[in-house]
Amino acid sequence: MHTLVADTSEQLSQLGADLVARTLAERPAAALLVATGNTPMGMYQELARRRADGLLDASQARVFQLDEYVGVPEDDVRSLYGWTRRSFVDPLGIPLEQVTRLMADGGDLQASCQAYDERVAAAGGIDLAILGLGPNGHLGFNEPPCAADAPTRLIDLTPESVVSNAVYWGGEDQVPRQALTAGMNVIMQARHIVLVVSGAHKQDILARTMHGPVTPDIPSSFLQLAPNVTIVVDRSTITSTSQPSVSHAT
Ligand code: F6R
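Source: prediction; values computed, not measured.

A. Structural view of the side chain of glutamate 143. Assignment of secondary structure puts glutamate 143 in the loop between strand E6 (128-132) and strand E7 (153-156). An unpaired buried charge is present at glutamate 143: no salt bridge exists, and arginine 153, the closest side chain of opposite charge, is 8.4 Å distant. Side chain to side chain, glutamate 143 and asparagine 136 meet in a polar contact 3.0 Å long. Polar side-chain contacts of glutamate 143 include one of 3.0 Å to the backbone nitrogen of threonine 158.

As structure tokens, this is what we get:
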């Protein structure tokens, strides 16, 4: 695992954006797995700024939604597809035909997961997975306990994730209890994984992610086994237990 430490939130956004920009420069039609959540939003805004300044062209990128609540229609403010569009797809000018959704508002959810995995396979796998870190070590909604090769599937949110998601929607009663998530296997097979982590409250889970035992109880600990992982983190999140593998961003 390679770690980039940012001194400010602006630097965190820039470092994350640099990694996406590099991927797109090397492969304009790269397949990107795109998280919502609060942590990567500054990075997405930085990417949109670069596009507006003519410094970035993401028009050929293929976007894969990371996760979606079950039973939430597209026009509901809680739709994670809607959030992905507002924060990433639309500001970067990516045509909607290049976006693969997790269809979770009715219908056959199993078939929906299968269709998603077929699209990932047809794309040749994920080039870059942009992830945030859940307070319980979830990646996407791969909730603990989770196998390293868990497929794309229907999942019950853990109580911890209901609490963390309540911040987005104004209360636990607003948080759907089920979701579809891209499988841990999709994440682990990505050619490059960027994990963006910010905030003192993530110190402990980040230390476990990087240096704790590799265990289904902390799904993010499987990243220790992935071939190419970059952790972009702010200084306040790095603890003494996380320090050994740090290389400082300049
Ligand atoms: C979002 C997602 C989640 C979040 C994680 C961290 O699509 O899948 O795994 O990345 O819960 O959320 P934030 O960034 O809000 O702390």
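Back to the text.
B. Here's a closer look at the site of the ligand. Looking at the ligand, there are 14 residues lining it, with Thr39, Asp67, His138, Tyr168 and Lys202 nearest. At 2.8 Å, a side-chain N or O of threonine 36 approaches an oxygen atom of the ligand. Between the ligand and the protein, one listed contact pairs an oxygen atom with a side-chain N or O atom of tyrosine 168 at 2.5 Å. Burial of the ligand by the protein amounts to 92% of the accessible area it has alone, namely 410 Å². Structurally, the ligand is housed in the largest pocket.

C. Seen up close, the sheet that holds strand E8 (residues 178-181). Pairing in this open sheet of three strands is antiparallel, and the strands run E4-E8-E7 from one edge to the other. This sheet does not close on itself; its edge strands, each paired only once, are strand E4 (67-69) and E7. Each adjacent strand pair in this sheet contributes to an overall mean axis angle of 30 degrees, direction not counted. Two strands pair when backbone bridges link them, and E7 and E8 are joined in this way by four bridges, in the antiparallel orientation. Opposite aspartate 156, over in E8, you have glutamine 178 as the bridge partner.

D. Geometry of unusual backbone geometry. A cis amide bond links proline 144 to the next residue, proline 145, at an omega of -10 degrees. Positionally, proline 145 belongs in the loop between E6 and E7.

E. Structural detail: the layout of surface pockets. The space that makes up the largest pocket amounts to roughly 470 Å³. Every residue lining the largest pocket is counted, 26 residues in all, and those nearest its centre are Gly37, Asn38, Leu133, Tyr168 and Lys202. Broken down by element, the residue count for the lining of the largest pocket peaks at four residues, all from helix H5 (residues 159-169). When the residues that make up the lining of the largest pocket are grouped by side-chain class, the tally is 12 nonpolar, 12 polar and two charged. Contributing to the lining of the second largest pocket are Leu19, Arg22, Thr23, Glu26, Arg27, Ala30, Asp127, Arg191, His192 and Asn228. Considered class by class, the residues forming the lining of the second largest pocket number two nonpolar, three polar and five charged.

F. Looking closely at the pairing of E8. Across three bridges, the pairing between E4 and E8 is antiparallel. The residue bridging tyrosine 69 from the neighbouring strand is alanine 179, located in E8.

The rules we used
Residues numbered from 1 in each chain as written. Predicted model: local features only at pLDDT ≥ 70, side-chain atom pairs only at ≥ 80, totals over all residues. Heavy atoms only, no water. Helix = DSSP H or I, 4+ residues; strand = E, 2+ residues; numbered from the N terminus. Buried < 20%, exposed > 50% of the residue type's maximum accessible area, 1.4 Å probe, protein only. Lys, Arg positive; Asp, Glu negative; His and termini not counted. Salt bridge = Lys/Arg side-chain N within 4 Å of Asp/Glu carboxyl O. Polar contact = N/O pair within 3.5 Å; in protein donor to acceptor, adjacent residues only side chain to side chain. Near = heavy atom within 4 Å. Areas by Shrake-Rupley, 256 points an atom, 1.4 Å probe, with all protein chains shown as cover. 1 Å grid on protein atoms, 1.4 Å probe; cavity = no way out; pocket = protein on both sides within 12 Å on 5 of 7 lines; lining within 4 Å. Sits in = over half its atoms within 2 Å of the grid points. Pairing = 2+ DSSP bridges. Axes fitted to C-alpha atoms, helices over the stretch in contact; angles between N-to-C directions. Points joined across faces, edges and corners; volume = space filled by probe spheres on them. Nonpolar A, V, L, I, M, F, W, Y, C, P; charged D, E, K, R; others polar.

Purely spatial values, then, with no claim about function.
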